[in-house]
Each structure stands twice: as C-alpha cells, then as structure tokens.
Amino acid sequence: MKVDKAVALVTGANRGLGQSLVKALAEAGVARIYAGARGRFDLPDFGSGTSVLPLELDITDGAQVARSASHASDVTLLINNAGLLPHGGAMSVSEKDLLAAIEVNLMGTWRMARAFAPVIEANGGGAIVNILSLISLQNAPPFAAYSAAKYASWAMTQSFRDDLAGTSVRVVACFPGGIDTDMLAGVAAAKAHPDSVASSIVEAVMRGDANVFPDRVSAIHGPALLGIS
Ligand SMILES: NC(=O)c1ccc[n+]([C@@H]2O[C@H](COP(=O)([O-])OP(=O)(O)OC[C@H]3O[C@@H](n4cnc5c(N)ncnc54)[C@H](OP(=O)(O)O)[C@@H]3O)[C@@H](O)[C@H]2O)c1
C-alpha cells in the first residue's frame, strides 16, 4: 500500500491507541485522515502536510456509520480501533455489559467493515484493519464479555477475508498484547506504549502483512496462538 496515496479513517481516534494511530499515520505521510469519535475532541497539531478531519462516529449507530461511508467516500484504509472492555467474569458480568461489549467490539467492527468495503473497492483498493487482541486467541476469564466479543470479532474478520478474497480489499487482523491506555488502567499487566504499538501497526499494514503482532508480548505469543509458528 502506498502511504502517500492512502486516505485513512480511524475509529475511536480521540484517545488511547486510536489517537496514536492517527499520529503514526500522519508521521508515515498519509495525507488525509478521518478521525472518528463519538463526541467532540481536541485534535493535536499534526503539522502541515496532513489534513486530519474530525468525524462524528458512534459505531453502534447504524445511521451514523452509513452517513460516514457516504461522507468519507475517498477512504482506502479503514482502521477499526474503537473497543470496549467491561470487567467481570462469566458469573459476575452483567447482561448489559456483555451486550455492550458485543455491540462495540463485534457489531460495530462488522458494521464499519461492511459499510466501507465497497467504498475502498470503488477507490481502487486498500485495506480494512481490525484491531483485535491477543485475547481474541487466548481467553481472559476476568474479562469474559470482552474475550467473547474479541473471539467473535476474529471469527468475523476471517469471514470478511473469505468474502472479500478476489477483491482489492485486504483484511488485516491485528493482535496487540497489553497497551498502556485507559482500557487497562488499574490492571497489572505488561503494557506497551500506544505510540510504539501504533507505529508497528502502520508499518506492518504498509508492508502488506495479513496478521499483525505489534508489541513484544504479542510477537512472542501471537504466532503460536494463531498456529503459524
Ligand atoms: N489497551 C489494551 O491493552 C489493548 C490490548 C489489545 C487490544 N486493544 C484494542 O485496541 C483498541 C483501542 O483500545 P484502547 O486501549 O485505546 O482503549 P481505550 O483507551 O479504552 O479507548 C477506547 C476508544 O474506543 C472508543 N469507543 C468506545 N465505544 C465506541 C463507540 N460505540 N463508537 C465509537 N468509538 C467508541 C472510545 O471512545 P470514547 O472516548 O467516546 O469512550 C475510545 O476512543 C480496542 O479495540 C481494544 O480492544 C487494547
């Protein structure tokens, strides 16, 4: 994928890994980036050369997703980053939290990929990058809702690969380990810096990798969990 020709859209771009992804894309030379977020937020200064356009986008809202696909009609690289991690095991998680985790991590990612695949195809091809997790490959019982939703999102990612095979839309699966963002605040775990995770993701996508292991823990454990080492 040619960086200077790419037009990117990042969901959940207002904080955490999403904000770092916007920064990494700008640093890599992507000229136009749509920064999707549920509410208004302050965009950092990315210098000249990159135009970062805020886009109101709640991925659980089908009408907003459809509007974003007609508004951001020049997109060639969709990064499905938005995610939600409720705490709680299978016995303690509430039904509301389980449904919310599925609605954001599975349904929202599916909704966005389905809306943008034809857009990317019409623009001559590109990629959909789903930010999954190592937890998509190895269950984390204290985060039962998140684990179930991220496993399902990996299954859906593989189904998109199958449906879009033979088109110009590549489907990339990304499996980070712990990242030092709000999502893991208060959780004792090895955590990589979101900027370094984002740079690795952007490099791997531009290189054409199908599966991305963007941090040390992920690189050590991911390929074996995926059965490719
Ligand atoms: N942190 C980790 O250790 C880790 C590890 C592996 C994978 N990941 C994955 O990496 C991605 C980014 O996570 P993060 O660590 O940056 O988490 P985060 O700091 O909690 O940020 C989550 C982002 O998702 C957005 N979001 C949540 N629900 C949304 C919705 N319905 N519509 C649009 N945006 C929504 C949030 O927006 P608001 O500000 O509006 O809430 C926020 O921008 C997620 O997919 C996560 O599962 C994270």
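Thresholds applied
- Residues numbered from 1 in each chain as written.
- Predicted model: local features only at pLDDT ≥ 70, side-chain atom pairs only at ≥ 80, totals over all residues.
- Heavy atoms only, no water.
- Near = heavy atom within 4 Å.
- Polar contact = N/O pair within 3.5 Å; in protein donor to acceptor, adjacent residues only side chain to side chain.
- Areas by Shrake-Rupley, 256 points an atom, 1.4 Å probe, with all protein chains shown as cover.
- Helix = DSSP H or I, 4+ residues; strand = E, 2+ residues; numbered from the N terminus.
- Nonpolar A, V, L, I, M, F, W, Y, C, P; charged D, E, K, R; others polar.
- Core = buried A, V, L, I, M, F, W, Y, C linked by side-chain atoms within 4.5 Å.
- Buried < 20%, exposed > 50% of the residue type's maximum accessible area, 1.4 Å probe, protein only.
- Contact = heavy atoms within 4.5 Å.

Q: What is the right way to read the site of the ligand from this model?
A: Taken together, 27 residues sit near the ligand, with Asn14, Arg15, Arg38, Tyr146 and Thr181 positioned nearest. For the ligand, an oxygen atom lies 2.7 Å from a polar atom in the side chain of asparagine 14. In this structure, arginine 15 approaches the ligand through a side-chain N or O atom, which is 2.6 Å from an oxygen atom. Protein chains bury 93% of the 900 Å² of accessible surface belonging to the ligand in isolation. Where the shell around the ligand is concerned, the elements lending two or more residues are helix 1 (16-28) and helix 4 (144-164). Taken together, the residues of the shell around the ligand break down into twelve nonpolar, ten polar and five charged.

Q: Where do I start with the nonpolar core in this structure?
A: For soluble globular proteins, the rule of thumb is that nonpolar side chains tend to be buried together. Counting residues in each nonpolar core, the largest one holds 34 residues, and the members touching the most others are Leu21, Leu25, Ile33, Leu77 and Ile201. Among the elements of the structure, strand 1 (7-10), helix 1, strand 2 (32-37), strand 4 (77-80), strand 5 (126-131), strand 6 (169-174) and helix 5 (194-207) are those that each provide at least two residues to this core. When neighbours within four sequence positions are excluded, isoleucine 201 is seen to be in contact with Leu17, Leu21, Ile131, Cys174, Val212 and Pro214. Within the second largest apolar cluster, 24 residues are counted, among which are Leu9, Ala72, Val104 and Phe160.

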